[in-house]
Amino acid sequence: MSETIKTDVVIIGAGPVGLFAVFELGLLDIKTHLIDILDKVGGQCAELYPEKPIYDIPGIPLITGHGLCDALMEQIKPFNPTFHLGEMVTTVEKIGDPLFRVGTDRGKVFEAKVVVIGAGGGSFQPKRPPIPGVEAYESKSVHYAVRKMESFRDKRLLIVGGGDSALDWTLNLQPIANRVTLVHRRDDFRGAPDSVNKMRALVAAGGMDLMIGQVSALEGGDGQLAAANIKGNDGAIARVECDVMLPFFGLTMKLGPVANWGLPLEDGLIPVETSAFETSTPGLFAIGDINTYPGKLKLILSGFHEGALMAQKAYHYVYPDKRLVFQYTTSSTSLQKKLGVA
Ligand SMILES: Cc1cc2nc3c(=O)[nH]c(=O)nc-3n(C[C@H](O)[C@H](O)[C@H](O)COP(=O)(O)OP(=O)(O)OC[C@H]3O[C@@H](n4cnc5c(N)ncnc54)[C@H](O)[C@@H]3O)c2cc1C
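Residues numbered from 1 in each chain as written. Predicted model: local features only at pLDDT ≥ 70, side-chain atom pairs only at ≥ 80, totals over all residues. Heavy atoms only, no water.

1. Remarks on unusual backbone geometry
At step 1: That bond from Asp97 to Pro98 is cis: its omega, -5°, falls within 30 degrees of zero.
At step 2: Tracing the backbone through its elements, the reader meets Pro98 in the loop between strand 6 (89–96) and strand 7 (99–104).
At step 3: Even without glycine at this site, Asn80 takes up a positive phi of about 45°.
At step 4: When its relative accessible area of 63% is taken as the criterion, Asn80 is described as exposed. (Helix = DSSP H or I, 4+ residues; strand = E, 2+ residues; numbered from the N terminus. Buried < 20%, exposed > 50% of the residue type's maximum accessible area, 1.4 Å probe, protein only.)

Here is the structure:
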């Protein structure tokens with residue numbers, strides 16, 4: 001287990017609301033670490049609708065999901081938050097008054113006076129393909145994400161899917177794998193045209209195989225794959241020997257570990273009071289889509305407001321002996337210095 005990382009505030013979830021919370025906390029000299037399961041920031045905006053326009057961010061008539069994430073990252077730059085991406089928070093324990101210990105699935109441990117849960121609709125988790133018995137191979141020879149490319153060197157890889165993830169990993173892993181076979185249910189890909197062209201060129205040059213059909217059965221033992229059956233659209237079965245299967249069938253949102261943190265939940269959401277969006281545990285806040293209270297609207301602007309009020313209360317836990325003076329960014333030189341503009 002790695003050394004404990006000590007900080008003022010841990011934010012669970014780097015969606016738009018978690019990102020803006022960094023700004024509100026930063027103005028009050030509060031340091032933050034953010035942890036997110038995804039390998040990128042922006043939560044639903046980045047994962048579910050990066051190219052779609054959003055029309056109801058105050059003062060911004062139109063911005064895409066991706067554009068909003070970029071703008072938030074620019075806005076929080078002066079506060080230099082630390083990101084831990086591709087990592088899921090599994091445990092949150094209260095160890096002081098208030099002091100929390102937060103643990104991740106990659107063995108990191110954090111200690112913070114305040115924890116802000118900005119977990120949105122929950123954790124994005126890969127969709128499991130409908131192949132009988134696939135569970136038995138998961139984590140050993142069936143993987144839903146590529147964490148270390150080296151672990152696939154010289155392996156016979158079966159990559160399944162027709163979107164950007166399947167195509168990108170096909171192109172990235174093809175040079176180091178023993179052989180790559182890409183399987184998709186139809187000869188029409190959703191991924192970027194450039195990636196599709198590159199993949200087809202590799203197939204034409206004999207550098208990899210493309211099979212149209214669906215994985216219908218797996219062979220192997222003790223979690224180790226030996227081969228897969230691919231059922232073609234004409235019903236014919238082809239057997240492909242392989243060491244590893246990487247299915248990319250998209251992501252789905254599940255509440256995930258939030259349910260195990262000892263908080264009372266209402267329909268999978270965390271009830272909070274509305275003066276600071278604190279849970280029933282002092283020092284533990286929930287903002288954005290993950291919380292619930294009378295009149296709650298699951299909108300980005302609601303989460304931004306919640307982050308601002310949360311920060312005011314968090315200040316008293318982080319600096320119990322200091323008095324907080326309310327200030328505007330337009331007129332406070334002290335805030336402007338923190339933003340690097342004065
Ligand atoms: C198609 C679509 C269109 C939308 N359009 C609009 C719109 O026009 N206007 C608007 O205001 N809202 C819109 N929304 C809603 C908006 O996207 C959400 O309100 C917003 O994303 C909530 O932000 P959040 O930061 O609370 O949560 P999210 O964006 O859900 O981010 C939460 C993050 O927490 C991470 N996480 C969860 N659990 C863990 C864990 N245990 N460990 C580590 N990380 C974790 C997740 O991976 C995720 O990245 C839309 C939503 C969808 C799906």
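Read on, since the account is not over.
2. Thoughts on the sheet that holds strand 11 (residues 179–184)
At step 1: What the four strands build is an open sheet, ordered 12-11-10-16; its pairing is parallel. Edge positions in the open sheet fall to strand 12 (209–212) and strand 16 (244–247), since each of these has one partner strand only. The mean angle between the axes of side-by-side strands here comes to 20°, regardless of whether they run parallel or antiparallel.
At step 2: In the packing of helix 4 (residues 164–173) onto the sheet, the strands contacted are strand 10 (156–160), strand 11 and strand 16, and the crossing angle to strand 10 comes to about 160°. (Pairing = 2+ DSSP bridges. Axes fitted to C-alpha atoms, helices over the stretch in contact; angles between N-to-C directions. Contact = heavy atoms within 4.5 Å.)

3. Quick notes on the site of the ligand
At step 1: As a structural note, the neighbourhood of the ligand is formed by 33 residues, with Asp36, Gln44, Tyr49, Val89 and Asp289 the closest of them.
At step 2: Interatomic distance of 3.1 Å between a backbone N/O atom of Val17 and an oxygen atom of the ligand.
At step 3: Tyr49 is positioned such that a nitrogen or oxygen atom in its side chain is 2.5 Å from an oxygen atom of the ligand.
At step 4: Taken together, the elements giving at least two residues each to the shell around the ligand come down to helix 1 (16–27), strand 2 (32–36), helix 2 (43–47) and strand 9 (123–126).
At step 5: Here the residues of the shell around the ligand are counted per class, giving 17 nonpolar, eleven polar and five charged. (Near = heavy atom within 4 Å. Polar contact = N/O pair within 3.5 Å; in protein donor to acceptor, adjacent residues only side chain to side chain. Nonpolar A, V, L, I, M, F, W, Y, C, P; charged D, E, K, R; others polar.)

4. Considerations on the packing of aromatic side chains
What describes a pair of aromatic rings is the distance from one ring centre to the other and the angle between the planes of the rings.
At step 1: Across all of its chains, the model carries seven aromatic pairs by this definition.
At step 2: Each ring, one from Phe23 and one from Phe79, has its centre 5.7 Å from the other, and the planes form 75°; the classification is edge-to-face. Of the two residues, Phe23 sits in helix 1 while Phe79 sits in the loop between helix 3 (65–76) and strand 5 (82–85), which places them 56 residues apart along the sequence. Taken individually, Phe23 and Phe79 each receive the classification buried, so the pair is uniform in this respect.
At step 3: Here the aromatic rings of Tyr315 and Tyr319 are separated by 5.2 Å at their centres, their planes lie at 50°, and the arrangement is tilted.
At step 4: Classification of Tyr315 as buried rests on a relative accessible area of 8%.
At step 5: Each member of the aromatic cluster is reached from another via a ring pair, and the members are Phe20, Phe23, Phe79 and Phe304.
At step 6: The ring of Tyr319 is capped by Lys322, whose NZ or CZ atom sits 4.3 Å from the centre of that ring. (Phe/Tyr/Trp six-rings, centres within 6.5 Å; stacked < 30°, edge-to-face > 60°. Lys NZ or Arg CZ within 6 Å of the ring centre and 35° of its normal.)

These values are about where atoms sit, not about what they do.
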